[in-house]
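The primary structure of each chain is shown beneath.
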Amino acid sequence: MLYIKKSTKIPQKITDALNTAKENCRERLKNGDTKAARNAFDDLREIKKSIKECLIIEQHGLCAYCMQTIQGKFRIEHWKSLSKNTEDSLEYENMLGVCYGGEKYEKNIENKEKDERVLCCDASKGNKNIIIDPRSQIHMNKIRYDEMDLLIYTEPYDENLERDINDILHLNGQIRNGKMYSDTRTNLIYHRREAYKSYQNCIESLRQKYKPSELYQAIQHKIKSIENAKIYPPFAGVILYFLKRELKKYK
């Protein structure tokens, strides 16, 4: 996961559309009318494209939870569940761009067996409320990746955040006895391992190109080149985490 800094300068047409929608059903939203909240959000058809464009910019083209690329089709997720927090259903601050989490997974036509791998991200979250928040720098600073199996964990250990990671968002697939038993339908573990290989190739290339005394600046430059990009590579959080860890060795 990566920190997402929500923009305070969204296009005026988005602000106007959201304010109009809120004004039209303010009392119903205040009274917890879930149907009214969902209808009001669904009626924003003409403005949703603009909202998605803003979310892609904020999130550098990655899913807010798993870091898969979302430049193609993706959905707008309410961090505070729309069905349980109707007053926040039309707040841009509460909106994130997320992948389909395996809901639209197309399995091999020869495989007639039902795919038992778990859904992830919003597809598994549904209408549950979570604590882990990609908009929180404090939360994101706790995220770690195990070098052996690329499972996500927290340091210092945070029971609430790890519950959300494993039991609600399923970012570590299916866990049994503390180990990954089965990947998600979107193969998150596999893709994080591939991102780790990209990091290893990057470091090896830098070591061959630069002297040990030059590696600190070289790694630092690589980190900045990723962080300054408009669109991040898929699972950029994995690459950045290990690059920053490597950087500390040379400091």
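Throughout what follows, the structure given in this document is the object of discussion. None of the values given here were measured: they were computed from a predicted structure. (Residues numbered from 1 in each chain as written. Predicted model: local features only at pLDDT ≥ 70, side-chain atom pairs only at ≥ 80, totals over all residues. Heavy atoms only, no water.)

Once that is clear, we can look at the pattern of salt bridges. Enumeration according to the criterion identifies 19 salt bridges in this entry. One salt bridge connects Glu58 with Lys6, and the closest N-O pair in it is separated by 3.0 Å. Here Lys6 lies in the segment before helix 1 (12-24) and Glu58 lies in helix 4 (residues 45-58), a separation of 52 residues in the sequence. In this pair, the class of Glu58 matches that of Lys6, namely buried. Among the ionic pairs, Arg45 bridges to Asp43, the shortest N-O distance being 3.9 Å. One connected set of salt bridges, linked through shared partners, spans Arg75, Glu103 and Asp122. (Salt bridge = Lys/Arg side-chain N within 4 Å of Asp/Glu carboxyl O. Helix = DSSP H or I, 4+ residues; strand = E, 2+ residues; numbered from the N terminus. Buried < 20%, exposed > 50% of the residue type's maximum accessible area, 1.4 Å probe, protein only.)

Residues Tyr65, Ile132, Tyr145, Leu171, Val238 and Leu243 are the most contacted members of the largest nonpolar core, which totals 51 residues. For this core, the secondary-structure elements that each account for two or more residues are strand 2 (95-98), strand 3 (143-145), helix 7 (159-168), helix 8 (188-209), helix 9 (215-227) and helix 10 (236-250). No other element matches helix 10, which puts eight residues into this core. Other than its neighbours up to four places away in sequence, Tyr145 contacts Met1, Met67, Leu150, Leu151, Ile152, Tyr153, Arg192, Gly237, Val238, Tyr241 and Phe242. Listed in part, the 19 residues of the second largest apolar core include Leu18, Ala40, Tyr92 and Met95. (Core = buried A, V, L, I, M, F, W, Y, C linked by side-chain atoms within 4.5 Å. Contact = heavy atoms within 4.5 Å.)

Ala36, Ala37, Ala40 and Phe41 are the residues of helix 3 (residues 34-42) that are buried. Viewed along the axis of helix 3, the buried residues span an arc of 130°, placing them on a single side of the element. Between the side-chain oxygen of the N-cap and the backbone nitrogen of Lys35 there are 3.2 Å, and the N-cap of helix 3 in question is Asp33. (Arc of directions from axis to C-beta. Polar contact = N/O pair within 3.5 Å; in protein donor to acceptor, adjacent residues only side chain to side chain.)

The next point concerns the packing of helix 8 against helix 10. One way to put it is that helix 8 packs onto helix 10 with a least axis distance of 8 Å and a crossing angle of 35°. The two elements helix 8 and helix 10 meet at a crossing, and its hand is right-handed. Of helix 10, the residues touching helix 8 (which contributes Arg192, Ala195, Tyr196, Ser198, Tyr199, Cys202, Ile203 and Arg207) are Val238, Ile239, Phe242, Leu243, Glu246 and Tyr250. Across the contact of helix 8 with helix 10, the residue classes tally to ten nonpolar, one polar and three charged. (Axes fitted to C-alpha atoms, helices over the stretch in contact; angles between N-to-C directions. Left-handed = near helix turned anticlockwise from the far one by under 90°. Nonpolar A, V, L, I, M, F, W, Y, C, P; charged D, E, K, R; others polar.)

Tallied over the full model, the rule gives five aromatic pairs. Seen in terms of ring centroids, Tyr241 and Phe242 are 4.9 Å apart; in terms of plane orientation they differ by 75°. Their pairing is edge-to-face. Classification of Tyr241 as buried rests on a relative accessible area of 18%. One residue, Lys6, lies across the ring of Tyr92, its end atom 4.2 Å from the ring centre. Across the ring face of Tyr181, the terminal group of Arg176 is positioned such that the distance to the ring centre comes to 3.5 Å. (Phe/Tyr/Trp six-rings, centres within 6.5 Å; stacked < 30°, edge-to-face > 60°. Lys NZ or Arg CZ within 6 Å of the ring centre and 35° of its normal.)

Coordinates in, geometry out; function isn't part of it.
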